[in-house]
Amino acid sequence: MSDTPVVDEARIALLRADLTAARFTVDGVAERLGPVASAALHREQPLPALLATERSASSGDDPCGVLVRLFTLGRPVPASALAGALPSLGVDGAVALGLVRLGGARAGFASGPAAASEREVTATCDLRPYGDDAHDWWVASDLSELAVGGPLRPDHVLGIGGASTTLASWTVRRPVDRALDLGTGCGVQALHLTGHVGAVVATDISERALAYAAFNLALAASERAGAVPPLELLAGDLLDPVAAQRFSLVVSNPPFVITPRDESLPLYEYRDGGRAGDALVRSLVRQVGAVLEPGGIAQFLGNWEVPAGRTWRDVWDDWLEEQARDGVALDAWVVQRESQDPAEYAELWARDGGAQPGSETHSQMYAAWLRDFASRDVERVGFGVVTLQRPATDRPTWRSLDEAHGPVAAPMGPAVDAGLRARTWLAEHSDDDVLDVAWSCAPDVTEERHGRPGAEDPSVILVRQGGGLGRVVRAGTVLAAYLGVAEGELTARAALDAIAAVLGLDPERVRGETVPQLRELVADGLLV
Ligand SMILES: C[S@@+](CC[C@H](N)C(=O)[O-])C[C@H]1O[C@@H](n2cnc3c(N)ncnc32)[C@H](O)[C@@H]1O
């Protein structure tokens, strides 16, 4: 494509070497900008970073500052400064890769002091360092709002945002043969998949997004050529391009934003899948089972509408009933992370894309969102993370619809993996089986006792999980006593019978009342 970076393996290898030497890495940029400018940039405030890199524009000794200024802040830099920052690739190489063009400031931006006297270069895309524990990657995407200084183009290819990192954090990273990244955009989820998957398929409806993903994966691959898993990039709508394929893992940060179908509004491909209301997420739920191997997992983010008189769990119960009826029956674990009213939702998304609150465009969009929600009697919009699992054997499916609005473990993937295994075990075992296990209280569980000043006994005992979903459970006397002795030696049955004897209670009743609580604690990883 003419306006996306070009895959030229030889030049990409030179680019990688230069970016590494310039310390244009996550840590290198954080060090170069310092904590204040870095934090401001995270809040989309470029000014401190602009001031911190002002000198770089003309200096030959600050390659990292030059690259930040050019690729993150979208400011022109002298060609000589870029030549110093990318010594092996050179300015001509960067032009040939489609990363920069010769020429100075764009409309609306003042050129640097060197403009009059020297040739300048301007970035044609955003390029940022990104990584996980084991890798330094870079991700090219379209220039951000911050660099463009105005509304984005409708086919804007998004860089890494909060939703991308949320999905990456929640992804279960079991080593598997084949995985799909649906709606790959700049390819960030596919990059993560290359660490634990034999072969990756990435799809998108946007050819421009696929071109960026191809570039970013080639840049990652240039580190250890030959050792990266094969990647296939396919264009098409949702699951259409992979209808005949099967995967052990499907991940998707789909264009889930609920958008009024109103032609006067700008439609952004990266967030709007072109359906009314929450139909895109709903159809993904209905169809994804067809591409999962037995035992396979699909994880995606989504928004869901909650109409008046219903709860978000009612909505999901309907979706899952429909899914079981029309598709392959799946286990479902949905964690609602946020819930907004229609005005909060409209404010958030009318602003995204560059319209300023108070402007006429913003007000028009805000009103269109409110009218759209009112037309379906929507009272709340939920956001969360969906994990669906195709049972490996012929067994009844399970369903967990949880709310967790506070901080959770980071990364969350290991807790999701453990939670899937625990919920599957619970679905396959009776209450008697649960009582016959010698459970241990997980090491991240602590207990808080609250009472009136001077009181001998606590009036409230809270059991708090340090990791996972950060569960806080109010424990009665029996449960608190049980957790105090759950050290992997006594079965739950023996421990509860002993506690019942000490408290003078009927053991059968104690077991019957406690076992549902044990099931919840096992599901959430407080008992292991
Ligand atoms: C929110 S972006 C996600 C990008 C990236 N995967 C991430 O995690 O940041 C959604 C992507 O879905 C793509 N998309 C939009 N409509 C689609 C559709 N109907 N089928 C497949 N992909 C679609 C967009 O082009 C965009 O790249």
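Described in the following lines is the structure provided in the data block. As the structure is a computational prediction, the values presented were derived from the model and not from experiment. (Residues numbered from 1 in each chain as written. Predicted model: local features only at pLDDT ≥ 70, side-chain atom pairs only at ≥ 80, totals over all residues. Heavy atoms only, no water.)

## So, the sheet that holds strand β14 (residues 445-450)
So, point 1. Across the sheet, three strands lie side by side as β14-β15-β16; this open sheet has antiparallel pairing. Two strands in the sheet have a free side with no partner beyond their single neighbour: β14 and β16 (472-474). Direction aside, the axes of adjacent strands within the sheet are offset by 25 degrees on average.
So, point 2. One ladder, built from six bridges, connects β14 with strand β15 (residues 460-465); its direction is antiparallel. The residue of β15 that forms the bridge with arginine 449 is isoleucine 461. (Pairing = 2+ DSSP bridges. Helix = DSSP H or I, 4+ residues; strand = E, 2+ residues; numbered from the N terminus. Axes fitted to C-alpha atoms, helices over the stretch in contact; angles between N-to-C directions.)

## Some points on unusual backbone geometry
So, point 1. Cis geometry is adopted by the peptide bond preceding proline 411, which originates at alanine 410 and carries an omega value of -5 degrees.
So, point 2. Tracing the sequence through the fold places proline 411 in the loop between β13 (399-403) and α15 (413-428).
So, point 3. Backbone geometry places leucine 238, a non-glycine residue, at a positive phi of 40 degrees.
So, point 4. Structurally, leucine 238 is set in the loop between β8 (231-235) and β9 (247-252).

## Structural notes on the site of the ligand
So, point 1. Contacts to the ligand come from 17 residues, most closely from Ser164, Gly183, Asp204, Asp237 and Leu238.
So, point 2. One nitrogen or oxygen atom from the side chain of asparagine 253 is found 3.1 Å from an oxygen atom belonging to the ligand.
So, point 3. With the chains in place, 96% of the 600 Å² that the ligand exposes on its own is no longer accessible.
So, point 4. Tallied by class, residues from the shell around the ligand come to five nonpolar, eight polar and four charged. (Near = heavy atom within 4 Å. Polar contact = N/O pair within 3.5 Å; in protein donor to acceptor, adjacent residues only side chain to side chain. Areas by Shrake-Rupley, 256 points an atom, 1.4 Å probe, with all protein chains shown as cover. Nonpolar A, V, L, I, M, F, W, Y, C, P; charged D, E, K, R; others polar.)

## Some points on empty space enclosed by the protein
So, point 1. Enumeration according to the criterion identifies two cavities of 30 Å³ or more in this entry.
So, point 2. Quantified by volume, the largest cavity comes out at close to 50 Å³.
So, point 3. Taken together, Pro255, Phe256, Val257, Asp272, Gly273, Gly274, Arg275, Gly277, Asp278, Ala279, Leu280 and Val281 make up the lining of the largest cavity.
So, point 4. Of the volumes computed, that of the second largest cavity is approximately 30 Å³. (1 Å grid on protein atoms, 1.4 Å probe; cavity = no way out; pocket = protein on both sides within 12 Å on 5 of 7 lines; lining within 4 Å. Points joined across faces, edges and corners; volume = space filled by probe spheres on them.)

## Section: the layout of surface pockets
So, point 1. Size it by volume and the second largest pocket reaches roughly 470 Å³.
So, point 2. Broken down by secondary-structure element, the contributors of at least two residues to the lining of the second largest pocket are β4 (126-131), α8 (162-170) and α15.
So, point 3. Residues belonging to the lining of the second largest pocket are distributed by class as follows: six nonpolar, nine polar and four charged.

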